[in-house]
Amino acid sequence: MAFPVIGSIVGGALGLIGANKAAKAQTNAANQASAVQQQMYNQTREDLDPFRQRGVNALARYADAVDRPFEETPGYQFRLRQGIDAVEASRAARGGLFSGATGKAINSQAQDYASNEYTNHLNRLQGLANMGQSAAAMQGTAGQNFASQQTNTLAGLGNAQAAGAVGMTNALNTGINNAIGYHQYNTLLDRGYFQ
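Per chain, residue numbering runs from 1 following the sequence as it is written. Reporting of local features is limited, given that this is a predicted model, to residues whose pLDDT is at least 70; pairs of side-chain atoms are given and counted only at 80 or more, and all residues count toward the totals for whole chains, interfaces and linings. With hydrogens and water stripped out, all remaining heavy atoms of the structure feed into the side-chain values.

### Details of the pattern of salt bridges
Here the idea is simple: oppositely charged side chains can pair when their charged atoms come close. Here, a salt bridge means any Lys or Arg side-chain nitrogen found within 4 Å of an Asp or Glu carboxyl oxygen. Throughout the structure, instances matching the rule amount to one salt bridge. For the salt bridge of aspartate 49 with arginine 52, the shortest nitrogen-to-oxygen distance reads 2.7 Å. Here aspartate 49 and its partner arginine 52 are both found in helix α1 (residues 2–67), three residues apart, which amounts to about one turn of the helix. Residue class for aspartate 49 comes out partly exposed when judged on its relative accessible area of 28%. Under the scheme applied here, a residue whose accessible area is under 20% of the maximum for its type counts as buried, over 50% as exposed, and between as partly exposed, the area being computed with a 1.4 Å probe on protein chains only. Arginine 52 sits in the partly exposed class, given a relative accessible area of 22%. Where helices and strands are cited, they refer to DSSP runs of H or I of at least four residues and of E of at least two residues respectively, numbered from the N terminus.

So, in structure tokens, the structure goes:
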């Protein structure tokens, strides 16, 4: 008579231990998944950060170039001088260095060159700024994905812990109910109800 009661209690206790182990295993798996997600998010940010930073720097230079005369940018005077020297050398070789045509040619060279170079310079800076903007957007997307994955992982973790708690409670209740049932059955059997 005592063996079924003891068996019910032991069975309930084993169910309790099993549910507890299962909950811990699910919790550990969720924690590991969370750590991997964190590592990948951090790696993505690290990989994209040089591009984002380059874009931030280019955007500042772009704004600076728009706000100041292009003639003050590095290299402009050298390249302009090379163009003017070429026009003067060509005119000097033909004997027209100090003519009105030479002045017009130099003026045209300077204006065309300045316009083209300024546009090229701004386009290069804008390209870098766009690269940085794209990298920042990718970092934002990675952050949103990470938050979503973490939310799912944490929800799974909560579900695992809740399921473990419910499982442990159910196992304990089953063991107690079985023990009570066996006790009641034996009590009724002793009183002769089942003869």
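### Some details on the side chain of threonine 153
The topology assignment puts threonine 153 in helix α3 (residues 100–190). Every residue in contact with threonine 153, bar those within four places of it in the chain, is listed here: Ala30, Ala33, Ser34 and Gln37. Working rule for contacts: check all heavy atoms of both residues, and any pair within 4.5 Å makes them a contact.

### Looking at the confidence of the model for the chain
In low-pLDDT regions, the fine details of the predicted coordinates are not to be read closely. How sure the predictor is of each residue is captured by pLDDT, a score from 0 to 100. Summarising the model, the chain shows a mean pLDDT of 76, and 72% of its residues fall at 70 or more. At the level of individual helices and strands, the chain shows its lowest average pLDDT in helix α2 (residues 76–93), which scores 67, and its highest in α1, which scores 79.

### Remarks on a nonpolar patch on the surface
There is a patch of nonpolar side chains on the surface, built from Tyr185, Leu188, Leu189, Tyr193 and Phe194 and spanning about 500 Å² of accessible area. Summarising the element assignment, tyrosine 193 is placed in the segment after α3. Without a salt bridge and with relative accessible area above 30%, a residue can belong to a patch; like charges are then joined within 9 Å and nonpolar side chains (Val, Leu, Ile, Met, Phe, Trp, Tyr) within 5 Å. Calculation of accessible area relied on Shrake-Rupley with a 1.4 Å probe; when residues are assessed, cover is drawn exclusively from the protein chains displayed.

### A look at the packing of aromatic side chains
Centre distance within 6.5 Å is the pairing criterion for rings of Phe, Tyr and Trp, where only the six-membered ring of Trp is used; planes under 30 degrees apart are then read as stacked, over 60 as edge-to-face, and the remainder as tilted. Considering all chains together, one arrives at one aromatic pair under this definition. On the numbers, 4.8 Å between centres and 15° between planes, the contact of tyrosine 41 with phenylalanine 146 is stacked. In this pair, tyrosine 41 sits in helix α1 while phenylalanine 146 sits in helix α3, placing the two residues 105 residues apart along the sequence. Taken as a pair, tyrosine 41 and phenylalanine 146 share a single burial class, namely buried.

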